[in-house]
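# Inside the fold
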Amino acid sequence: MTTSPQNRLRVERLDADRTAAAVQARTGVRLEVEGPCPGGAVGAAYVRWPDGRRSVLKWRPGAGIEELRAGPLAVCEVLGARGYPCPATELALQVDGAVVLVQELLPGTPVEFLDHHGLDRALALNASQAELLAEHPEIPSMNLYLLDDGPGYCLHEPVRRHSRRSAALEQRIRSVGAGRPGRLAGNDVVHHDFHHGNLLAVDGTVTGVIDWDGAGRGDRRFDLVTLRFGLHATGQAPDVVRRLDDILDALPEEILRPCWAHMSLRMTDWAIRHFAPGEVEHWLDLAEQRL
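All figures in this text were calculated on a predicted structure; none of them were measured in a lab.

## Some remarks on the packing of helix α7 (residues 222-233) against helix α9 (residues 253-274)
- Packing of α7 against α9 brings their axes to within 9 Å, and their N-to-C directions diverge by 40 degrees. It follows from the interaxial angle that α7 and α9 lie oblique. Classified by chirality, the crossing of α9 by α7 is right-handed. From α7, Phe222, Val225, Thr226, Arg228 and Phe229 reach across to α9, where they touch Leu256, Cys259, Trp260, His262, Met263, Ser264, Arg266 and Met267.

If you want it as C-alpha cells, here you go:
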C-alpha cells in the first residue's frame, strides 16, 4: 500500500523575489528582499520598505483576500486591541490565486527549545485567548476536517493509502468525526498552529506569537494539542513534555479527542507528502497515543 511522497501534491513555497515584484507592479511599493525567515512550511522572507523599515513578507497560496480579512486578519485586529503580542498586517493584497501579506517584524527569534518558563508563558498566552471573540460572531469557527479534506492540508487519501497502519489511523479519525459537529465550538481565539517555533523570544522571554494565517474561532485548548505535536517534531526536555501531557490528559474527552484527531490527520498527511518515509512512523507513534 505504500506510495512515494514524491507522487503527492506538495505545497508550493514562497518565491520572495517574484512576490515582491508582484507587489511593486500592483502597488508601486518596492520591497527589498533581504532573505528567508527561519522555519515555516510555505516560507516567509524579511523585506525592507523604501524608508528602511523591516517587515516580513508572507504568501498564502490558494487563499482569497476576503476570506483572510473575515477570519485571520480580523482575529489579529481583536488581539492587537487587547495588547496580545501578534504582528500587525501592514499590507494585504490578492496576487492571482494567492494572498500576499506584509506584516510587522516582532522582536525575538523562534524558540528552539521550550523550557518550563517558556511553557508557563505559552499557557498564559493561551489562557488570555478565552472568549475574545464573543462579540465577533462574524468571525468563522475552525473546521476540523475529520470527515473531509482541508485546503491543501488534512488530506485523507494520502493517509488512507500510505500503509495499513496509516489507513487504520484514518479510520479512527473518521470515527471520531462521525456524529460530531465539523467545526470547533466556542468563542475563544484559536491560533491553529501554536507550536514553539511560532513563539518568539529574547533572552528566554517570549516576546510574540507569529503565523496567524489559519486563526479563527473555537476552543483555545486546541492550541495546546498543537503545541504538543510541535514538541514531538524536535527533541525537547522530557519533563516539559510530560507536564504538557498531564495538562492534556486533564482535558474533557469531547475536547481532547477531536482536536487530537485533527492534528494526527494534519501531521501524518503532511509527513507522507513532504517528509522522508521514516518520519511518517514518527508521527504515527504520537497519533496512536490518544487514538
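## Remarks on the sheet that holds strand β5 (residues 98-104)
- The sheet built from 5 strands is open, its strands ordered β1-β2-β3-β5-β4 with antiparallel pairing. Each having just a single partner strand, β1 (32-36) and β4 (89-95) make up the two edges of the open sheet. Along the sheet, successive strands turn relative to each other by an average axial angle of 25 degrees, direction set aside.
- Relative to strand β2 (residues 44-48), β1 runs antiparallel, the two sharing 4 bridges. Opposite Val33, over in β2, you have Val47 as the bridge partner.
- Across the sheet, helix α1 (residues 16-27) touches β1, β2, β3 (54-61), β4 and β5, and the angle it forms with β4 is around 90 degrees.

## Regarding the nonpolar core
- Counting residues in hydrophobic clusters, the biggest one holds 35 residues, and the most contacted among them are Phe222, Val225, Phe229 and Trp260.
- Listing elements by their share of this core, those giving two or more residues are α6 (164-177), α7, α9 and α10 (277-287).
- If one sorts the elements of this core by residue count, α9 sits on top with 11 residues.
- Beyond its immediate stretch of four places on either side in the chain, Trp260 contacts Val225, Arg228, Phe229, Leu248, Leu286, Ala287, Arg290 and Leu291.

## Some remarks on the sheet that holds strand β9 (residues 205-209)
- Reading across from one edge, β6-β8-β9 is the order of the 3 strands in this open sheet, with antiparallel pairing throughout. Two strands close off the open sheet at either side, each with one partner strand: β6 (109-110) and β9.

## So, the packing of α6 against α10
- The interhelical angle for the contact between α6 and α10, taken along N-to-C directions, is 40 degrees, at an axis separation of 11 Å. The interaxial crossing formed by α6 with α10 has left-handed handedness. Here α6 contributes Arg165, Ser166 and Leu169 to the contact with α10, which in turn contributes Glu281, Leu284, Asp285 and Ala287.
- The residue makeup of the contact of α6 with α10, split by class, is 3 nonpolar, 1 polar and 3 charged.

## Considerations on α6
- Taking 1.5 Å as the rise per residue, α6 with 14 residues should run 20 Å; its terminal C-alpha atoms sit 20 Å apart, in good agreement.
- Buried within α6 we find Ser166, Ala167, Leu169, Glu170, Ile173, Val176 and Gly177.
- On the buried face of α6, the contacting elements are α5 (156-162), α9 and α10.
- Just downstream of α6, Gly179 is the residue with a positive phi angle, here 80 degrees.

## Digging into the pairing of β5
- With 6 of its 7 residues buried, β5 lies for the most part within the structure.
- Looking at chain direction, β3 and β5 are connected through 7 bridges and run antiparallel. Bridge pairing in β5 places Arg60 opposite Val99.
- Relative to β5, β4 runs antiparallel, the two being bridged by 6 bridges. Within β5, the residue paired with Thr89 across the bridge is Gln103.
- The hairpin turn running from β4 into β5, its antiparallel successor, is 2 residues long, and Asp96 in that turn takes a positive phi close to 55 degrees.

## A look at the packing of aromatic side chains
- Applying the stated criterion across every chain, the model contains 4 aromatic pairs.
- Summarising the aromatic geometry, the rings of Tyr84 and Trp212 are spaced 5.5 Å apart at their centres and angled 80 degrees between planes, so their arrangement reads as edge-to-face. One end of the pair, Tyr84, is in the loop between α3 (72-81) and β4; the other, Trp212, is in the loop between β9 and β10 (216-218), and 128 residues separate them in sequence. Comparing Tyr84 with Trp212 shows no difference in burial state: the two are buried.
- Three or more aromatic residues joined by ring pairs make a cluster, and in this case those are Phe229, Trp260 and Trp283.
- When the ring centre of Trp49 is taken as origin, the NZ or CZ atom of Arg53, which lies over that ring, is 4.6 Å away.
- Directly above the ring of Trp260 sits Arg290, whose terminal nitrogen or CZ lies 4.6 Å from the centroid.

Criteria and cut-off values
Residues numbered from 1 in each chain as written. Predicted model: local features only at pLDDT ≥ 70, side-chain atom pairs only at ≥ 80, totals over all residues. Heavy atoms only, no water. Axes fitted to C-alpha atoms, helices over the stretch in contact; angles between N-to-C directions. Helix = DSSP H or I, 4+ residues; strand = E, 2+ residues; numbered from the N terminus. Parallel < 35°, antiparallel > 145°, perpendicular 65-115°, else oblique. Left-handed = near helix turned anticlockwise from the far one by under 90°. Contact = heavy atoms within 4.5 Å. Pairing = 2+ DSSP bridges. Core = buried A, V, L, I, M, F, W, Y, C linked by side-chain atoms within 4.5 Å. Buried < 20%, exposed > 50% of the residue type's maximum accessible area, 1.4 Å probe, protein only. Nonpolar A, V, L, I, M, F, W, Y, C, P; charged D, E, K, R; others polar. Expected span 1.5 Å × (residues − 1). Phe/Tyr/Trp six-rings, centres within 6.5 Å; stacked < 30°, edge-to-face > 60°. Lys NZ or Arg CZ within 6 Å of the ring centre and 35° of its normal.

Distances and angles like these do not, on their own, reveal function.
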